[in-house]
Amino acid sequence: MDPIESITVEKDTTLAMMLAAQKRGWELKYFQRTDLFMRDGKASATMRDIKVQDNPEHWFDLGTPTDQPLGDCDCILMRLDPPFNMDYVFTTYFLQRASDDGVLVLNNPAALRDLNEKVFTAWFPHCCPPTLITSNNDKLRGFHEEFQDIIVKPLDGMGGSSIFRLKKDDPNISVVLETMTDFGSTQIMAQKYIPEIVKGDKRILVVGGKPVSHSLARMPAAGETRGNLAAGGKGIAMPLSDRDREIAETIGPVLLEKGVLFAGIDVIGDWVTEINVTSPTCARELNAQVGLDIGGQFMDVIAERL
């Protein structure tokens, strides 16, 4: 995971998972990406035993670092936040070696490499708004002329970073597209603007291929287009609508087949905008507002797999 000393305790889904595992009496070990190493094909890490508490003043205690093969673990959770860069890809190679040695790695390292959060929506076009992925600025301008009001975003961002809304007659269209595509050399995503964003950008968590009972509707802050909590949005738990459940039941089995046992589907109105397989969040907010135990649900899935 990312540095545990830097997390926001009341919002961190990884901590919720750790608390749930510890509650079952499972032994927890902690390491970061830079703790990984490989000698003669055997993937290992400098690990520390860790104890966690649900206490914003003191939420973890670390033991002495020791070098251990990843193959000694029963299960490894990969919970690194994007950006999805080459360092991230290299990390999945270490985890692939552990998976080959029989360790249950979640989510599946191959799926982490293959299922880009934006591009993977292309496998479910009937669930998505009109969408264009290209580096060609002429095609992007044509898409804007067709729909008049669009969202453009990078393929490797998170938390609402570098997302632009381009309305009709926006004077900055050219400079935004040139900057986003690096003058036509980088692929980006454009989607038709969905006005239902004012009712929230819903995060549907999918655990073991099945949706959690409630979504977290992330309401944009005043003057904002983005509902992301990292961009100042406010999360409100809502029961899944029939359309939400239809979407989750369409995508969930495909995720399960690919070894993705914990994912987040982002839905605005009736349309999927992203499918998050790297480090989906919102479990803590849902647990607090609706009395769920999503970390516990995930541990049940892991226990069944083990």
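Structure's up top.
In this text the structure is predicted, and so the values were computed from the model without any measurement.

K.L.:
Residue-level account of helix α2 (residues 86-100), with values.
P.N.:
For α2, spanning 15 residues, the distance from its first C-alpha to its last is 21 Å, which sits close to the expected 21 Å at 1.5 Å a residue. Along α2, the residues classified as buried are Tyr88, Val89, Thr91, Thr92, Phe94, Leu95 and Ala98. Where α2 is buried, its residues touch β2 (36-39), β3 (42-52), β6 (75-77), β7 (104-106) and α3 (109-114). A distance of 3.2 Å separates the backbone nitrogen of aspartate 87 from a side-chain oxygen at the start of α2, and that oxygen is part of asparagine 85.

K.L.:
So, the pairing of strand β16 (residues 262-268): which residues are in play, and what are the values?
P.N.:
Within β16, 7 of the 7 residues are buried, which leaves the element mostly enclosed by the surrounding structure. Going residue by residue along β16, you find Phe262, Gly264, Asp266 and Ile268 tucked away on one face and Ala263, Ile265 and Val267 tucked away on the opposite face as well. Where strand β12 (residues 201-207) lies against β16, 7 bridges are found, and the strand directions are antiparallel. Each residue of the ladder has a partner; that of leucine 205, found in β16, is glycine 264. Summarising the sheet, β16 and strand β17 (residues 271-276) pair through 5 bridges and their orientation is antiparallel. Looking across to β17, one finds that valine 267 is bridged to valine 272.

K.L.:
Residue-level account of the packing of helix α1 (residues 13-23) against helix α8 (residues 294-305), with values.
P.N.:
Direction vectors running N to C along α1 and α8 enclose 60°, while the axes themselves pass 8 Å from each other. Relative to α8, α1 is oriented oblique. Read as a crossing pair, α1 and α8 show a hand that is right-handed. When α1 is examined against α8, the residues Ala16, Met17, Ala20 and Ala21 are found in contact with a partner set consisting of Gly295, Gly296, Phe298 and Met299. Among the residues forming the contact of α1 with α8, the class breakdown is 6 nonpolar, 2 polar and no charged.

K.L.:
Explain the side chain of histidine 144 to me, using residue names and the numbers behind them.
P.N.:
Looking at the secondary structure, you find histidine 144 in helix α4 (residues 137-147). Using a relative accessible area of 7% as the deciding quantity, one classes histidine 144 as buried. Those residues in contact with histidine 144, other than ones at most four positions away along the chain, are Asp149, Ile150, Leu166, Lys167, Lys168, Asp169 and Ile173.

K.L.:
A description of the sheet that holds strand β8 (residues 131-134) should follow, citing residues and the corresponding values.
P.N.:
Here we have 4 strands laid out as an open sheet, ordered β8-β11-β9-β10, and antiparallel in their pairing. At either end of the open sheet lies a strand with only one pairing partner, and these are β8 and β10 (164-166). Adjacent strand axes in the sheet meet at a mean angle of 25° when their direction is disregarded.

K.L.:
Please give an account of the pattern of salt bridges that cites residues and values.
P.N.:
Applying the stated criterion across every chain, the model contains 15 salt bridges. Put simply, aspartate 49 and lysine 29 hold a salt bridge, and the shortest N to O gap is 2.6 Å. With aspartate 49 in strand β3 and lysine 29 in strand β1 (residues 29-30), the pair connects residues that are 20 residues apart, well separated along the chain. Overall, aspartate 49 belongs to the partly exposed group, its relative accessible area being 38%. With a relative accessible area of 31%, lysine 29 lands in the partly exposed category. We note a salt bridge from aspartate 244 to lysine 202, for which the minimum N-O separation is 2.9 Å. Of this pair, aspartate 244 sits in helix α6 (residues 242-257) while lysine 202 is found in strand β12, placing the two residues 42 residues apart along the sequence. The class for aspartate 244 is buried, based on a relative accessible area of 1%. Connected through shared salt-bridge partners, Asp201, Arg203, Arg218 and Asp266 make up one network.

K.L.:
Which residues make up the environment of valine 198, and what values go with them?
P.N.:
By the secondary structure assignment, valine 198 is in the loop between β11 (188-192) and β12. Here valine 198 falls in the exposed class, since its relative accessible area comes to 62%. Sequence separation of valine 198 and isoleucine 268 is 70 residues, and the distance between their C-alpha atoms is 9.1 Å.

K.L.:
With reference to specific residues and values, describe the packing of aromatic side chains.
P.N.:
Applying the stated criterion across every chain yields a total of 7 aromatic pairs. Centre to centre, the rings of phenylalanine 143 and phenylalanine 147 are 4.9 Å apart; their planes meet at 55°, and the pair counts as tilted. In this pair, phenylalanine 143 and phenylalanine 147 both sit in helix α4, 4 residues apart, roughly one turn of the helix. These aromatic residues form a ring-pair network of at least three members: Phe120, Trp123 and Phe124. Residue placement shows arginine 165 over the ring face of tyrosine 193; its charged tip is 3.6 Å from the ring centre. Between arginine 243 and the ring centre of tryptophan 271, over which it is positioned, the NZ or CZ distance is 5.3 Å.

Rules used in this analysis
Residues numbered from 1 in each chain as written. Predicted model: local features only at pLDDT ≥ 70, side-chain atom pairs only at ≥ 80, totals over all residues. Heavy atoms only, no water. Helix = DSSP H or I, 4+ residues; strand = E, 2+ residues; numbered from the N terminus. Expected span 1.5 Å × (residues − 1). Buried < 20%, exposed > 50% of the residue type's maximum accessible area, 1.4 Å probe, protein only. Contact = heavy atoms within 4.5 Å. Polar contact = N/O pair within 3.5 Å; in protein donor to acceptor, adjacent residues only side chain to side chain. Pairing = 2+ DSSP bridges. Axes fitted to C-alpha atoms, helices over the stretch in contact; angles between N-to-C directions. Parallel < 35°, antiparallel > 145°, perpendicular 65-115°, else oblique. Left-handed = near helix turned anticlockwise from the far one by under 90°. Nonpolar A, V, L, I, M, F, W, Y, C, P; charged D, E, K, R; others polar. Salt bridge = Lys/Arg side-chain N within 4 Å of Asp/Glu carboxyl O. Phe/Tyr/Trp six-rings, centres within 6.5 Å; stacked < 30°, edge-to-face > 60°. Lys NZ or Arg CZ within 6 Å of the ring centre and 35° of its normal.

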